[in-house]
Amino acid sequence: MELHEIFAINLTPEHLDRIVVLTGAGMSAESGVPTFRGEGGLWKQHRPEELATPQAFAADPQLVWDWYKYRRNLIAATEPNPGHTALVELESILGDAYTLITQNVDGLHTRAGSNRPIELHGNIFINKCNNCSNTFPDDALNFDEMPPLCPKCQGPVRPGVVWFGEGLNPVDIEDAFMKSHQATLFLSVGTSAVVHPAASLPEMAKQNGAFLIEVNPDRTPLTSLADTAIHETSAKALPALVDKIRQVRSKSI
Ligand SMILES: [Zn+2]
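Since we're looking at a predicted model, the values are computed, not measured. (Residues numbered from 1 in each chain as written. Predicted model: local features only at pLDDT ≥ 70, side-chain atom pairs only at ≥ 80, totals over all residues. Heavy atoms only, no water.)

Help me understand the overall build of the protein, please; the structure alone is not making it clear to me.
The helix and strand tally for the protein stands at 9 helices and 9 strands. Along the three orthogonal principal directions, the C-alpha set of the protein runs to about 60 × 40 × 30 Å. Buried positions account for 48% of the 253 residues belonging to the protein. The contacts in the protein between residues at least 6 apart in sequence include a share of 69% that link residues at least 24 apart. (Helix = DSSP H or I, 4+ residues; strand = E, 2+ residues; numbered from the N terminus. Buried < 20%, exposed > 50% of the residue type's maximum accessible area, 1.4 Å probe, protein only. Contact = heavy atoms within 4.5 Å.)

So, in C-alpha coordinates, the structure goes:
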(Lines give C-alpha, C1' and ligand atoms only; values in the text may rest on other atoms or scores of the structure.)
Protein backbone atom coordinates (compact mmCIF):
# COMPACT_ATOMS: atom_id res chain seq x y z
CA MET A 1 0.00 0.00 0.00
CA GLU A 2 1.21 3.49 -0.82
CA LEU A 3 0.99 6.62 1.24
CA HIS A 4 -2.01 8.17 -0.50
CA GLU A 5 -3.97 4.94 -0.01
CA ILE A 6 -3.83 5.17 3.77
CA PHE A 7 -7.01 7.21 3.72
CA ALA A 8 -8.83 4.27 2.15
CA ILE A 9 -8.05 1.82 4.98
CA ASN A 10 -11.32 0.41 6.23
CA LEU A 11 -11.19 1.50 9.86
CA THR A 12 -14.31 1.89 11.98
CA PRO A 13 -14.78 3.79 15.27
CA GLU A 14 -14.85 0.40 17.04
CA HIS A 15 -11.28 -0.24 15.92
CA LEU A 16 -10.25 2.75 18.03
CA ASP A 17 -11.48 1.28 21.33
CA ARG A 18 -8.06 -0.07 22.29
CA ILE A 19 -5.02 0.68 20.17
CA VAL A 20 -1.59 -0.83 20.74
CA VAL A 21 1.47 0.45 18.89
CA LEU A 22 4.67 -1.61 18.85
CA THR A 23 7.80 0.14 17.58
CA GLY A 24 11.22 -1.24 16.70
CA ALA A 25 14.65 -0.34 15.39
CA GLY A 26 13.40 1.07 12.09
CA MET A 27 11.93 4.07 13.89
CA SER A 28 15.20 4.85 15.61
CA ALA A 29 17.21 4.38 12.43
CA GLU A 30 15.14 7.13 10.82
CA SER A 31 16.37 9.48 13.55
CA GLY A 32 19.96 8.42 12.83
CA VAL A 33 20.44 6.17 15.87
CA PRO A 34 23.14 3.66 14.89
CA THR A 35 22.29 0.01 15.45
CA PHE A 36 25.82 -1.46 15.50
CA ARG A 37 24.44 -4.51 13.75
CA GLY A 38 26.07 -6.21 10.81
CA GLU A 39 29.05 -4.93 8.81
CA GLY A 40 30.93 -2.02 10.31
CA GLY A 41 29.15 -2.37 13.63
CA LEU A 42 32.34 -2.69 15.64
CA TRP A 43 33.39 -0.42 18.48
CA LYS A 44 37.08 -0.60 19.44
CA GLN A 45 37.25 -4.04 17.75
CA HIS A 46 34.37 -5.35 19.87
CA ARG A 47 31.09 -6.68 18.61
CA PRO A 48 27.94 -5.59 20.51
CA GLU A 49 27.34 -9.23 21.46
CA GLU A 50 30.64 -9.14 23.37
CA LEU A 51 29.73 -6.00 25.31
CA ALA A 52 26.01 -6.21 26.00
CA THR A 53 26.14 -9.16 28.37
CA PRO A 54 26.18 -9.66 32.16
CA GLN A 55 29.47 -11.56 31.72
CA ALA A 56 31.16 -8.63 29.96
CA PHE A 57 29.98 -6.26 32.68
CA ALA A 58 31.29 -8.52 35.42
CA ALA A 59 34.64 -8.96 33.67
CA ASP A 60 35.25 -5.35 32.62
CA PRO A 61 32.69 -2.78 33.85
CA GLN A 62 34.84 0.11 32.60
CA LEU A 63 34.80 -1.22 29.04
CA VAL A 64 31.05 -1.80 29.10
CA TRP A 65 30.31 1.61 30.62
CA ASP A 66 32.59 3.30 28.06
CA TRP A 67 30.59 1.65 25.28
CA TYR A 68 27.28 2.77 26.76
CA LYS A 69 28.50 6.33 27.38
CA TYR A 70 29.62 6.46 23.76
CA ARG A 71 26.18 5.29 22.63
CA ARG A 72 24.41 7.70 24.98
CA ASN A 73 26.33 10.57 23.38
CA LEU A 74 25.41 9.43 19.87
CA ILE A 75 21.74 9.14 20.81
CA ALA A 76 21.72 12.49 22.64
CA ALA A 77 22.78 14.10 19.35
CA THR A 78 19.73 12.69 17.51
CA GLU A 79 16.17 14.02 17.49
CA PRO A 80 12.75 12.36 17.46
CA ASN A 81 11.37 12.18 13.90
CA PRO A 82 7.85 12.96 12.60
CA GLY A 83 6.85 9.34 13.34
CA HIS A 84 7.57 9.84 17.06
CA THR A 85 5.67 13.12 17.00
CA ALA A 86 2.66 11.53 15.26
CA LEU A 87 2.45 8.93 18.04
CA VAL A 88 2.41 11.68 20.68
CA GLU A 89 -0.53 13.16 18.82
CA LEU A 90 -2.24 9.76 18.65
CA GLU A 91 -1.91 9.46 22.41
CA SER A 92 -3.49 12.88 22.89
CA ILE A 93 -6.42 11.85 20.65
CA LEU A 94 -7.01 8.48 22.29
CA GLY A 95 -5.94 8.92 25.92
CA ASP A 96 -6.34 5.71 27.94
CA ALA A 97 -7.33 3.77 24.81
CA TYR A 98 -3.72 4.02 23.65
CA THR A 99 -0.72 1.88 24.61
CA LEU A 100 2.79 2.31 23.26
CA ILE A 101 5.23 -0.60 23.45
CA THR A 102 8.77 -0.18 22.15
CA GLN A 103 11.78 -2.40 21.62
CA ASN A 104 13.99 0.68 21.36
CA VAL A 105 16.25 1.72 24.24
CA ASP A 106 17.00 5.26 23.05
CA GLY A 107 14.18 7.02 24.92
CA LEU A 108 13.18 8.97 21.79
CA HIS A 109 9.48 8.33 22.39
CA THR A 110 9.70 9.96 25.80
CA ARG A 111 11.77 12.83 24.45
CA ALA A 112 9.11 13.40 21.77
CA GLY A 113 6.50 13.63 24.54
CA SER A 114 4.97 10.14 24.85
CA ASN A 115 3.91 9.28 28.37
CA ARG A 116 5.37 6.17 29.92
CA PRO A 117 5.82 3.85 26.93
CA ILE A 118 6.42 0.21 27.86
CA GLU A 119 10.15 -0.05 27.11
CA LEU A 120 10.56 -3.81 26.68
CA HIS A 121 14.34 -3.67 26.40
CA GLY A 122 14.86 -0.88 28.92
CA ASN A 123 16.29 2.60 28.45
CA ILE A 124 19.94 3.35 27.79
CA PHE A 125 19.83 6.55 29.85
CA ILE A 126 18.73 4.79 33.03
CA ASN A 127 21.33 3.83 35.65
CA LYS A 128 20.16 0.72 37.46
CA CYS A 129 21.59 -1.20 40.41
CA ASN A 130 22.36 -4.77 39.38
CA ASN A 131 21.58 -5.84 42.94
CA CYS A 132 18.49 -4.00 44.20
CA SER A 133 17.20 -2.66 40.84
CA ASN A 134 16.83 0.90 42.14
CA THR A 135 17.55 3.56 39.52
CA PHE A 136 19.56 6.75 39.96
CA PRO A 137 20.25 9.95 38.03
CA ASP A 138 23.81 10.45 36.77
CA ASP A 139 24.65 13.03 39.43
CA ALA A 140 23.79 10.60 42.25
CA LEU A 141 26.61 8.28 41.15
CA ASN A 142 30.39 8.41 41.13
CA PHE A 143 31.49 7.33 37.66
CA ASP A 144 35.16 7.70 38.65
CA GLU A 145 34.89 4.35 40.35
CA MET A 146 34.07 1.37 38.18
CA PRO A 147 31.50 0.15 38.36
CA PRO A 148 29.73 3.05 40.08
CA LEU A 149 28.23 1.81 43.34
CA CYS A 150 24.58 1.90 44.34
CA PRO A 151 23.93 4.60 46.99
CA LYS A 152 21.39 2.28 48.64
CA CYS A 153 23.08 -1.12 48.74
CA GLN A 154 26.60 -0.63 47.29
CA GLY A 155 25.81 -3.01 44.45
CA PRO A 156 27.25 -2.40 40.97
CA VAL A 157 25.28 0.10 38.88
CA ARG A 158 24.77 -0.69 35.18
CA PRO A 159 22.90 0.69 32.19
CA GLY A 160 19.16 -0.01 32.47
CA VAL A 161 18.90 -2.11 29.33
CA VAL A 162 18.17 -5.79 28.79
CA TRP A 163 21.33 -7.61 27.78
CA PHE A 164 21.86 -10.73 25.68
CA GLY A 165 20.98 -13.74 27.80
CA GLU A 166 18.71 -11.80 30.15
CA GLY A 167 14.93 -11.99 30.47
CA LEU A 168 12.62 -9.03 30.02
CA ASN A 169 11.07 -7.28 32.99
CA PRO A 170 8.13 -9.58 33.93
CA VAL A 171 5.85 -6.63 34.78
CA ASP A 172 6.49 -5.02 31.39
CA ILE A 173 6.02 -8.20 29.40
CA GLU A 174 2.81 -9.10 31.25
CA ASP A 175 1.45 -5.61 30.64
CA ALA A 176 2.42 -5.79 26.96
CA PHE A 177 0.75 -9.18 26.50
CA MET A 178 -2.42 -8.10 28.30
CA LYS A 179 -2.79 -4.91 26.27
CA SER A 180 -2.05 -6.73 23.00
CA HIS A 181 -4.56 -9.44 23.87
CA GLN A 182 -7.28 -6.81 24.33
CA ALA A 183 -6.31 -4.65 21.35
CA THR A 184 -8.89 -3.76 18.70
CA LEU A 185 -6.23 -2.16 16.49
CA PHE A 186 -2.56 -3.05 16.50
CA LEU A 187 0.16 -1.10 14.67
CA SER A 188 3.51 -2.80 14.17
CA VAL A 189 6.02 -0.12 13.22
CA GLY A 190 9.61 -0.48 12.04
CA THR A 191 10.18 -3.84 13.65
CA SER A 192 11.48 -6.90 11.88
CA ALA A 193 8.92 -9.00 13.76
CA VAL A 194 11.35 -11.83 14.39
CA VAL A 195 12.61 -11.23 17.94
CA HIS A 196 10.42 -12.95 20.51
CA PRO A 197 8.58 -12.29 22.72
CA ALA A 198 7.89 -8.90 21.08
CA ALA A 199 7.12 -10.63 17.77
CA SER A 200 4.34 -12.60 19.46
CA LEU A 201 2.42 -9.45 20.39
CA PRO A 202 1.00 -8.57 16.94
CA GLU A 203 0.31 -12.26 16.22
CA MET A 204 -1.64 -12.59 19.46
CA ALA A 205 -3.55 -9.36 18.85
CA LYS A 206 -4.51 -10.53 15.37
CA GLN A 207 -5.64 -13.94 16.63
CA ASN A 208 -7.89 -12.15 19.13
CA GLY A 209 -9.58 -10.11 16.45
CA ALA A 210 -7.50 -6.94 16.27
CA PHE A 211 -7.11 -5.16 12.95
CA LEU A 212 -3.39 -5.41 12.24
CA ILE A 213 -1.49 -2.70 10.37
CA GLU A 214 2.19 -3.03 9.61
CA VAL A 215 4.39 -0.04 8.79
CA ASN A 216 7.75 -1.11 7.40
CA PRO A 217 9.61 -0.29 4.16
CA ASP A 218 10.55 -3.98 3.92
CA ARG A 219 8.56 -7.18 3.99
CA THR A 220 8.74 -9.05 7.31
CA PRO A 221 7.39 -12.38 8.60
CA LEU A 222 4.38 -10.35 9.80
CA THR A 223 3.49 -8.87 6.41
CA SER A 224 1.37 -11.77 5.19
CA LEU A 225 -0.58 -11.79 8.46
CA ALA A 226 -1.33 -8.06 8.44
CA ASP A 227 -4.70 -6.70 7.32
CA THR A 228 -2.81 -3.79 5.83
CA ALA A 229 0.91 -3.46 5.14
CA ILE A 230 2.22 0.04 4.47
CA HIS A 231 5.62 -0.23 2.82
CA GLU A 232 6.83 3.18 3.87
CA THR A 233 9.03 4.66 6.56
CA SER A 234 7.32 5.43 9.84
CA ALA A 235 8.27 9.12 9.56
CA LYS A 236 6.13 9.31 6.41
CA ALA A 237 3.40 6.78 7.15
CA LEU A 238 2.55 7.57 10.78
CA PRO A 239 1.51 11.21 10.30
CA ALA A 240 -0.85 10.09 7.48
CA LEU A 241 -2.15 7.20 9.57
CA VAL A 242 -2.82 9.45 12.56
CA ASP A 243 -4.73 11.83 10.26
CA LYS A 244 -6.83 8.88 9.16
CA ILE A 245 -7.49 7.81 12.76
CA ARG A 246 -8.43 11.35 13.73
CA GLN A 247 -10.95 11.40 10.88
CA VAL A 248 -12.48 8.07 11.99
CA ARG A 249 -12.56 9.30 15.57
CA SER A 250 -14.33 12.53 14.68
CA LYS A 251 -17.11 10.56 13.00
CA SER A 252 -17.73 8.61 16.20
CA ILE A 253 -18.15 11.64 18.45
ZN1 LIG B 1 21.36 -1.29 45.02
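Back to the write-up after that little detour.
Where do I start with the coordination of the zinc ion in this structure?
Note on metal geometry: ideal angles are 109.5 degrees for four donors arranged tetrahedrally and 90 or 180 degrees for six donors arranged octahedrally. Only Cys129 (SG), Cys132 (SG), Cys150 (SG) and Cys153 (SG) from the protein reach the zinc ion as donors, at distances of 2.2 to 2.4 Å. For the zinc ion, the 4 donor atoms in the first shell make angles of 101 to 118° at the metal, so the coordination geometry reads as tetrahedral. As a motif over one chain, the donors of the zinc ion read C-x2-C-x17-C-x2-C. Here Cys129, found in strand 4 (residues 122-129), pairs with Cys153, found in the loop between strand 5 (135-136) and strand 6 (157-161); they are 24 residues apart in sequence, far enough to count as distant. A relative accessible area of 0% means that Cys129 is categorised as buried. Judged by relative accessible area, Cys153 falls into the partly exposed class, the value being 30%. (Donors = N, O, S within 2.8 Å, 3.2 Å for Na, K, Ca; no water. Tetrahedral: all angles 85-135°; square planar, octahedral: opposite > 155°, others 65-115°.)

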